[in-house]
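Below, each chain spelled out in residue letters.
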Amino acid sequence: MADYDIAVIGGGINGVGIAREAAGRGLKVLLVEQGDLASGTSSASTKLIHGGLRYLEQWAFRLVRESLIEREILLKAAPHLVRPIRIVLPVLAGGRSLWMLRLGLHLYDWLARGSTLPPTSELDLTTSLAGGPLRRSFIAGFEYSDCTTDDSRLVIANAIDAQERGATIMTHTRCVRTERGDDWSLVLNSRGRRIVTTARVLINATGPWTALFSEMTMRQKKKAPVRLVKGSHIVVPRLFDHNRAYIFQNADRRIVFAIPYQRDYTLIGTTDNDFVGDLASVTVSREEINYLCDAVSTYFREITSIGDVVWTYAGVRPLYDDGKKAAQETTRDYVLKLDTGFQRAPLLNLYGGKLTTYRRVSQEAIEKISSYFAPTQHWTETAKLPGGDLGEQTIDQFRTSVKERWPFLEEDHADRLVDAYGSRIERLLGSAASLDDLGPDLGWSLTGAEVRYLMQHEWAETADDVLWRRTRLGLKFSKPQKEVLAQFIAGVQKPAA
Ligand code: FAD
């Protein structure tokens with residue numbers, strides 16, 4: 001008998017989502033991730049949980065409808081991580097016409113039917129708050145609903161749930177070889193240690209590494225149908241004072257978002273360029289920075305230039321290669337391909353997908369391989385993610401109750417913890433009665449207690465894990481503060497691997 005029912009390779013959103021779905025159905029699951037959780041594309045997205053307004057132009061109605069249903073499910077599952085946002089769409093002379101945008105947005109609302117979010121409204125940009133930061137030439141526009149999230153925290157929340165339901169999660173563990181027989185035999189390199197294990201079914205959820213994993217590690221002869229498309233973002237000091245986002249049409253018909261980010265910043269993205277090169281070092285080019293600066297400067301009165309940029313990041317979309325010429329036209333849909341045969345243990349390959357659809361992909365993935373196991377039921381449509389169980393309270397009521405219960409927390413500190421941990425804040429703060437009870441202050445409201453919690457419960461091992469994928473305080477921390485954090489981490493006893 002194999003050690004595991006399922007081995008999932010890849011700790012991005014799709015891998016952890018699949019591990020969660022499978023573990024919740026009582027299957028014995030192993031998930032291996034070569035680096036930190038969410039260290040691939042799943043921490044480099046635009047961070048929208050959305051239907052994808054622009055996919056309507058590709059007639060991808062099923063994908064948009066499904067994504068909008070998922071948006072609603074995730075809003076309920078993790079109200080601390082998935083937050084509604086209004087997105088302002090100014091009409092650009094020479095761009096898509098007013099009537100076309102109106103039609104598209106009404107269709108978007110119709111595809112979102114049953115949603116708890118408010119529908120589209122038309123805006124007079126000469127009088128509305130949203131028009132304030134825009135150039136005077138923008139007169140008419142729309143405002144519609146979608147959601148933002150913290151992508152890497154969504155990954156962590158799924159991994160926690162998977163583990164609590166029995167999955168084994170191994171970070172810093174690379175699958176370096178696979179042998180296929182009646183079962184899979186996997187050779188893992190876990191921090192320099194060689195481990196051999198077996199699984200009944202193997203799931204390749206390696207995102208942009210899918211082709212590499214398939215061709216190099218699994219030595220498959222067939223070329224994987226994946227198209228790698230790089231997308232870059234820039235972050236600049238806050239460009240506007242309200243909490244709506246903007247979606248801008250560019251002259252090249254691409255779209256660019258400007259989204260409030262971490263209270264003090266605006267996130268601008270994204271580009272769409274075919275990618276070749278080393279997936280371990282995906283960087284933002286000067287050309288892309290200029291493209292994004294120019295895109296927003298066409299709309300905002302305030303000019304944004306390369307000197308304003310405080311941070312950049314890039315990620316690679318692992319798209320299913322549907323043979324389309326332009327990178328931005330390649331489908332954002334997902335494809336699950338099951339590969340079986342006589343005396344060949346099953347292999348499930350995942351191509352494409354979005355952050356927004358991960359739960360649905362995970363459910364379908366397990367359904368595809370369900371015939372190999374005793375019958376089980378899908379369960380995640382109504383289940384909360386860790387931290388999302390707020391009882392009868394709304395997120396705002398919960399926020400107020402946190403501030404009453406731990407009154408020594410400054411407003412911003414309490415808000416940051418609520419957004420990151422939801423109801424799990426209880427485990428982090430417990431009976432603390434003052435800030436001193438939370439251990440050393442490491443800067444920007446990060447305390448020793450929080451870092452210990454992240455190391456004990458969320459697989460954090462380095463300052464980067466804490467700052468860039470668990471708390472998003474990386475933008476604020478200075479080099480000396482980062483060094484103090486690294487020293488603190490080195491002094492904390494690590495949980496047994
Ligand atoms: P990844 O997150 O890349 O995970 C794959 C993991 O596999 C990696 O962590 C890698 O380290 C690991 N791995 C690879 N090889 C091995 C091995 N041999 N052994 C062990 N581990 C291995 N979607 C949305 O819904 N909304 C958005 O706003 C949005 N914006 C985007 C913007 C950009 C610029 C990009 C690039 C994508 C965006 N997406 C968005 C899409 C979404 O981010 C991706 O579809 C999703 O994150 C892919 O997740 P994944 O788990 O498939 O891949």
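The residue count restarts for each chain, going from 1 along the sequence in the order it is written. Only residues with pLDDT of at least 70 get local features here, since the model is predicted, and only at 80 or more are side-chain atom pairs given and counted; chain-wide, interface and lining totals rely on the full set of residues. Only hydrogens and water are removed before side-chain values are computed, so all heavy atoms of the structure are retained for them.

Chemist: Could you give an account of the site of the ligand, naming the residues involved and the relevant values?
Modeler: The near set for a molecule or strand comprises every residue that places at least one heavy atom within 4 Å of it. In the vicinity of the ligand lie 38 residues, with Glu33, Ser42, Leu48, Gly353 and Thr356 positioned nearest. Between the ligand and Leu48 there is a distance of 2.7 Å, counted from a nitrogen atom to a backbone nitrogen or oxygen. Within the backbone of Leu355, one N or O atom sits 3.0 Å away from an oxygen atom of the ligand. Reported accessibility uses the Shrake-Rupley method at a 1.4 Å probe radius. Residues are deemed covered only where the shown protein chains occlude them. Against a free-state accessible area of 1000 Å², the protein chains account for coverage of 97% of the ligand. Going through the elements one at a time, α1 (13-24), β8 (173-180), β11 (226-237) and β16 (311-320) are the ones with two or more residues in the shell around the ligand. When we break the shell around the ligand down by domain, the ones giving at least three residues each are domain 1 (4-41 + 153-225 + 332-372) and domain 2 (83-148 + 227-322). Pairing of N or O atoms within 3.5 Å defines a polar contact, subject to two protein rules: one partner must be a possible hydrogen donor and the other a possible acceptor, and residues neighboring in sequence count only if both atoms are side-chain atoms. By definition, any uninterrupted DSSP run of H or I lasting at least four residues is a helix, any uninterrupted run of E lasting at least two residues is a strand, and each is numbered from the N terminus. Residue ranges for the domains originate in an automatic or database domain assignment.

Chemist: So what's going on with the pattern of salt bridges? Which residues, and what values?
Modeler: We define a salt bridge as a contact between a side-chain nitrogen of Lys or Arg and a carboxyl oxygen of Asp or Glu at a distance within 4 Å. Under the definition given, this model contains 46 salt bridges. For Glu164, the salt bridge is made with Arg427, and the minimal N-O distance between the two is 3.8 Å. Taken together, the residues Glu164 in helix α4 (residues 151-164) and Arg427 in helix α10 (residues 425-429) connect sequence positions 263 residues apart. Of the charged contacts, one joins Asp419 and Arg399 as a salt bridge, the two residues approaching to 2.9 Å between their closest N and O atoms. Here Asp419 is found in helix α9 (residues 411-421), whereas its partner Arg399 is found in helix α8 (residues 395-405), with 20 residues between them in sequence. Burial classification: accessible surface area is computed with a 1.4 Å probe over protein chains only, and a residue below 20% of its type maximum counts as buried, one above 50% as exposed, and the rest as partly exposed. For Arg399, a relative accessible area of 16% translates into the label buried. Each of Arg83, Arg263, Arg399, Lys403, Glu411, Asp415 and Asp419 takes part in a single network of salt bridges with overlapping partners.

Chemist: Before we move on, could you go through the packing of helix α11 (residues 448-457) against helix α13 (residues 479-491) and cite the residues and values that matter?
Modeler: Between α11 and α13, whose axes approach to 11 Å, the crossing angle comes to 55°. In terms of orientation, α11 and α13 fall into the oblique class. Here α11 runs over α13; the crossing is right-handed. Residue-level inspection shows Gly448, Val451, Arg452 and Met455 of α11 in contact with α13, the latter providing Leu485, Phe488 and Ile489. The axes used here are C-alpha line fits, helices contributing only the stretch in contact, and every angle between their N-to-C directions lies in the interval 0 to 180 degrees. Here the word oblique covers every angle except those under 35 degrees (roughly parallel), over 145 (roughly antiparallel) and from 65 to 115 (roughly perpendicular). Handedness of a helix crossing follows the sense of rotation of the near helix relative to the far helix, less than a right angle counterclockwise being left-handed and clockwise being right-handed. The contact rule is simple, with two residues in contact once any of their heavy atoms fall within 4.5 Å.

Chemist: Give a description of the packing of α1 against helix α7 (residues 358-368) that names residues and reports values.
Modeler: A pair of packed helices is captured by two measures, namely the crossing angle of their axes and the spacing between those axes. Packing of α1 against α7 leaves a shortest axis separation of 8 Å and a crossing angle of 55°. Of the possible angle classes, the one that applies to α1 and α7 is oblique. The element α1 and its partner α7 pack so that their crossing is right-handed. Touching Ile13, Asn14, Gly17, Ile18, Arg20, Glu21 and Ala22 of α1 are Tyr358, Val361, Ser362, Gln363, Ala365 and Ile366, all from α7. We call Asp, Glu, Lys and Arg charged. Ala, Val, Leu, Ile, Met, Phe, Trp, Tyr, Cys and Pro are nonpolar, and the rest, Gly among them, are polar. Residue composition of the contact of α1 with α7, by class: seven nonpolar, four polar and two charged.

Chemist: Can you lay out the side chain of Thr471 for me, pointing to particular residues and giving the numbers?
Modeler: The residue Thr471 is located in the loop between α12 (463-470) and α13 in this model. For Thr471, a relative accessible area of 6% gives the class buried. Among the polar contacts listed, one links the side chain of Thr471 to the backbone oxygen of Val466, at a separation of 2.7 Å. Other than its neighbours up to four places away in sequence, Thr471 contacts Gln262, Arg416, Tyr421, Leu446, Glu450, Leu454 and Val466.

Chemist: Please set out the nonpolar core residue by residue, giving values where relevant.
Modeler: Grouping buried Ala, Val, Leu, Ile, Met, Phe, Trp, Tyr and Cys residues that are joined through side-chain atoms within 4.5 Å yields what is termed a nonpolar core. Ile6, Val29, Leu37, Leu154, Ile203, Ile366 and Ile369 are the most contacted members of the largest nonpolar core, which has 47 residues in total. In this structure, Ile366 is in contact with Ile6, Ile18, Glu21, Ala22, Arg25, Leu27 and Ile203, ignoring residues within four places of it in sequence. Counting residues in each nonpolar core, the second largest holds 33 residues, with Ile395, Val402, Val418 and Tyr421 among its members.

Chemist: I'd love a proper account of the domain arrangement of the protein, names of residues and values included.
Modeler: Under the domain assignment, the protein is made up of domain 1 (4-41 + 153-225 + 332-372), domain 2 (83-148 + 227-322) and domain 3 (395-493). Distance between the C-alpha centres of domain 1 and domain 3: 31 Å. Taken together, the contacts link 14 residues of domain 1 with 12 residues of domain 3. Using a 1.4 Å probe, buried area is obtained as the accessible area two parts lose upon being combined, added over both of them. Counting the surface lost from both domain 1 and domain 3, the interface buries some 1100 Å², and carbon and sulfur atoms represent 44% of this. Where domain 1 packs against domain 3, one counts six salt bridges. Put simply, Glu458 and Arg153 hold a salt bridge, and the shortest N to O gap is 2.7 Å. Run the count over domain 1 and domain 3 and you get seven residue pairs in polar contact (both at pLDDT 80 or more). Ranked by residue count, the leading element in the side of domain 1 that touches domain 3 is α4, at six residues.

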